[in-house]
Amino acid sequence: MTPPSETTPSEAPHSMTPPEPWKSLYRRYRPQRFGEVRGQDHVTRTLRNEVRDGRVTHAYLFSGPRGTGKTSTARILAKALNCAAPVDGEPDGTCASCVAIAEGSSLDVHELDAASNNGVDAMRDLVSRAALGTPGRWKVYIVDEVHMLSAPASNALLKTLEEPPGHVIFVLATTDPQKVLPTIRSRAQHFEFRLLPTELIAEHLRWVADDAKLDLSPADLDRVARRGHGSARDALSVLDQVAAAGGLEDEAEAADEVIEALCERDAGRALVAIAQRTAAGLDARQVTRDLLERLRQVFLATMARSLVGLPDEELARVEDQARRLGPAAIVRAMEALGDALVAMRDAPDPRVLLEVALVRQCRPDADISPAALLERIERLERGQSGRGATDSGQDEPPGAEPKAARPADRARAALGGVRAAPPTPAKAPDPEPPSTEPPSSTEPPSSTEPQQNNEPPSRAAPAPEPAGSFPTRDELTLAWGDVVLAALPQRAKVRFGGGHFVGVDDTWATFALPNSVHRDRCEECRPDVEQALASHFGRPVPLRLVVIEPGTPPAPDHPSAQPDDEIDLSDLRDAPAAEVASPVDHVMQIFEGAEVVED
Ligand SMILES: [Zn+2]
């Protein structure tokens, strides 16, 4: 990583904007002509022709993801219409009108952000101004996020669109065109803005970096382009941060470590990797997004290698991970992280959600969802243990009985049992395979549908295991994120929300907090938390509160999950009784407050 050159961006000469105090790259390099809007040629070509030929309409609907150039294009349209010396439908960029619009001081352009100002008063105000025209000039009204207007405001807008004053153009921008009143949609010419391909963003960034004299490596710029997720604006914002920081952490490398941990089913390793990322100041949401992006590449490697878009060396690595994880695990991980990302929007501590999701991925034995069970079966069928093995049968010792199919059948039978009958609480280890195959073993494990039987799903209250061994850290982390934290009294919930479990021994669970003040405050409500843990686990779980300096990752407290070839059927039978009674209940637990809608 090289630091930015001595010439700061604000000093760099640039043809588009005069030198001035610091301005973000996004604003400095905002497109000023149709020809500068990236990746939306299908829109800008048409608009330019309409301006040139005098065929503009009174209402446009610009839809598309955020950061794809909708409002920039609306302003360019305003410029082109009012420009004193337009060239082939493009504004010249130098006349008084063009300069005023670029500076945001023009009286010909009005913007209303419906996301923050969606009431009828704002719309009436806009409409009344629209009625007062300046002869010979076009007035352009840009309504951003138009789908968020209140119903009365939408109706006020509709009235104006029905009888538009002659010199007025409305540009309605939205990220969600389906939510715009159909009567409004039908009166507007609709243009769809698209996300940009990463390569196009990268090309743009190379140009910007060169022009602004930012000294960044091509690899850094490629990474920034990927972080833009299709939006040139987001990519330029990241570039701003990177220019200020002097480089970019390799998120692929960090995400790679987590995915290695998933391949190895090593929850401790995954948590350490996450701790390092968050200690480096990264938001848990960003970490999750990076992970999802990487998982998507792993997923693509199983389906369409050519779409992965990575250098050969990295591609080989991703393919290897895809083989080791298997499609079911990849999909399950993507779903879990996607769900976590959604839930993070209003979570006090998003990191807990990420940790819970990862521990679940590493411990499908702790997750009794049908998807997790199917994943276990898939792994068994490929004859793959939890660690290392890549191809079916590879780690079978010579001369051993081909037993891969056998545990899979047993697991499948058990899965059928879970679906067909209420869970059996009695633990009955059965090392010998049954002499007669259960009928359900011949059915493919294709269905992840809810229960097929006619009995209503059993709603037995969660029955914690009887006082037994001390819970592992993974179990604590799972229970914490799923149940315990949410059930704490408000004061304890707020205070304990900022910490996490870092280890256990036979008598204590160690819970880490970011500083000693915080720890002392938590100490005051420790009994509340211990009580909640005790009632969940059915045994005392004394807590030891410690302070962990940022940057000190927790050490894994136990090596890793069990390899799958030692699958114990009793797990499959017992887990539902211990955790939840049915897949429906399981979903209800995850989506707190959800209701079952009966057909
Ligand atoms: Zn001009």
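Parameters and conventions
Residues numbered from 1 in each chain as written. Predicted model: local features only at pLDDT ≥ 70, side-chain atom pairs only at ≥ 80, totals over all residues. Heavy atoms only, no water. Helix = DSSP H or I, 4+ residues; strand = E, 2+ residues; numbered from the N terminus. Buried < 20%, exposed > 50% of the residue type's maximum accessible area, 1.4 Å probe, protein only. Contact = heavy atoms within 4.5 Å. Donors = N, O, S within 2.8 Å, 3.2 Å for Na, K, Ca; no water. Tetrahedral: all angles 85-135°; square planar, octahedral: opposite > 155°, others 65-115°. Pairing = 2+ DSSP bridges. Axes fitted to C-alpha atoms, helices over the stretch in contact; angles between N-to-C directions. Core = buried A, V, L, I, M, F, W, Y, C linked by side-chain atoms within 4.5 Å. Parallel < 35°, antiparallel > 145°, perpendicular 65-115°, else oblique. Left-handed = near helix turned anticlockwise from the far one by under 90°. Nonpolar A, V, L, I, M, F, W, Y, C, P; charged D, E, K, R; others polar. Expected span 1.5 Å × (residues − 1). Phe/Tyr/Trp six-rings, centres within 6.5 Å; stacked < 30°, edge-to-face > 60°.

Chemist: How should the overall build of the protein be read in this particular structure?
Modeler: Looking only at helices and strands, the protein has 24 helices and eight strands in total. Within the protein, buried positions represent 46% of all 599 residues. Contacts spanning at least 24 positions in sequence make up 76% of the contacts within the protein whose residues lie at least 6 apart.

Chemist: What's the story with the coordination of the zinc ion in this structure? I'm lost.
Modeler: Around a metal, the idealised angle for a tetrahedral arrangement of four donor atoms is 109.5 degrees; for an octahedral arrangement of six donor atoms it is 90 or 180 degrees. At this site the zinc ion is bound by Cys83 (SG), Asp92 (OD), Cys95 (SG) and Cys98 (SG), with donor distances of 2.0 to 2.3 Å. Around the zinc ion, the four donor atoms are arranged such that angles at the metal cover 92 to 120 degrees; this shape is classified as tetrahedral. In the primary structure, the donors to the zinc ion are separated according to the pattern C-x8-D-x2-C-x2-C. Note on cysteine 95: relative accessible area 11%, which makes it buried. By relative accessible area, which is 1% here, cysteine 98 ends up buried.

Chemist: I tried to follow the sheet that holds strand β1 (residues 59-63) on my own but got confused; where do I start?
Modeler: Remark on secondary structure: sheet strands pair via backbone hydrogen bonds, oriented parallel or antiparallel. Taken together, the five strands give an open sheet; going across it, the order is β2-β3-β4-β1-β5, and neighbouring strands pair in parallel fashion. Each end of this open sheet is capped by a strand with a single partner; those strands are β2 (109-113) and β5 (189-192). Each neighbouring strand pair of the sheet contributes to a mean axis angle of 20 degrees, computed without reference to strand direction. Where β1 meets strand β4 (residues 168-174), five bridges bridge the pair, whose relative direction is parallel. By the bridge assignment, tyrosine 60 is partnered in β4 with valine 171.

Chemist: I keep staring at the nonpolar core and nothing clicks. Help me out?
Modeler: One recurring pattern in soluble globular proteins: nonpolar side chains tend to sit buried together. Counting 61 residues, the largest nonpolar core has Leu291, Leu358, Trp480, Phe496, Leu533 and Leu543 as its most contacted members. Excluding residues within four positions of it along the chain, leucine 358 makes contact with Val258, Leu262, Ala270, Ile274, Leu291 and Leu337. Counting residues in each nonpolar core, the second largest holds 24 residues, with Val146, Ala153, Leu157 and Val180 among its members.

Chemist: Teacher, can you tell me more about the packing of helix α5 (residues 120-131) against helix α6 (residues 151-162) here?
Modeler: The relative placement of two packed helices is expressed as an angle between their axes plus a distance between the axes. With their axes 8 Å apart at the nearest point, α5 and α6 run at an angle of 15 degrees to one another. Between α5 and α6, the angle falls in the class roughly parallel. Regarding α5 and α6, the two cross each other, and that crossing is right-handed. Of the residues in α6, those touching α5 at Val120, Met123 and Val127 are Pro152, Ala153, Ala156, Leu157 and Thr160. Its residues placed into classes, the contact of α5 with α6 shows seven nonpolar, one polar and no charged.

Chemist: Would you mind showing me how to read α5 here?
Modeler: The periodicity of an α-helix, 3.6 residues per turn, causes residues three or four places apart in sequence to face the same way. Its twelve residues give α5 an end-to-end C-alpha distance of 16 Å, which sits within 8% of 16 Å, the value for a rise of 1.5 Å per residue. Close packing links the buried residues of α5 with β2, β3 (139-144), α6 and β4.

Chemist: Mind showing me how you'd approach the packing of aromatic side chains here?
Modeler: To describe a pair of aromatic rings, one takes the distance between the centres and the angle between the planes. If you walk through the whole model with that rule in mind, you get eleven aromatic pairs. Here the aromatic rings of phenylalanine 62 and phenylalanine 193 are separated by 5.1 Å at their centres, their planes lie at 45 degrees, and the arrangement is tilted. Taken together, the residues span a long stretch of sequence, with phenylalanine 62 in strand β1 and phenylalanine 193 in the loop between β5 and α8 (198-211) at a distance of 131 residues. Accessibility expressed as a relative area gives 0% for phenylalanine 62, which makes it buried. The exposure class of phenylalanine 193 is buried, given its relative accessible area of 4%. An aromatic cluster is defined as three or more aromatic residues linked by ring pairs; in this entry it consists of Tyr60, Phe62, Phe191 and Phe193.

Chemist: How do you make sense of the packing of helix α12 (residues 267-279) against helix α16 (residues 350-362) when you look at a structure like this?
Modeler: Here α12 crosses α16 at 155 degrees, and the two axes come no closer than 9 Å. As far as their axial angle goes, α16 and α12 are roughly antiparallel. As for how α12 packs across α16, the hand of that crossing is right-handed. Seen from α12, the contacting residues are Ala267, Ala270, Leu271, Ile274, Ala275 and Thr278; seen from α16, they are Arg351, Leu354, Glu355, Leu358, Val359 and Cys362. Taken together, the residues of the contact of α12 with α16 sort by class into nine nonpolar, one polar and two charged.

Chemist: Would you mind going over the sheet that holds strand β8 (residues 543-547) with me for this structure?
Modeler: Strand order in the open sheet formed by three strands is β6-β7-β8, and the pairing between neighbours is mixed. Only two strands of the sheet have a single neighbouring strand rather than two, namely β6 (500-504) and β8. Mean inter-strand twist for the sheet, computed between neighbouring axes without regard to direction, equals 35 degrees. Sheet strands in contact with helix α19 (residues 473-487) are β6 and β7 (509-513), and its direction is about 155 degrees off that of β6. Seen against the sheet, helix α22 (residues 526-537) touches β6 and β8 and runs at an angle of roughly 130 degrees to β8.

Chemist: Help me understand the pairing of β6, please; the structure alone is not making it clear to me.
Modeler: Regular strands have side chains that alternate between both faces of the sheet. Burial runs high along β6: four of the five residues are buried. By the bridge criterion, four bridges tie β6 to β7 in an arrangement that is antiparallel. Residue pairing in the sheet places valine 504 in a bridge with alanine 509 of β7. The hairpin turn running from β6 into β7, its antiparallel successor, is four residues long.

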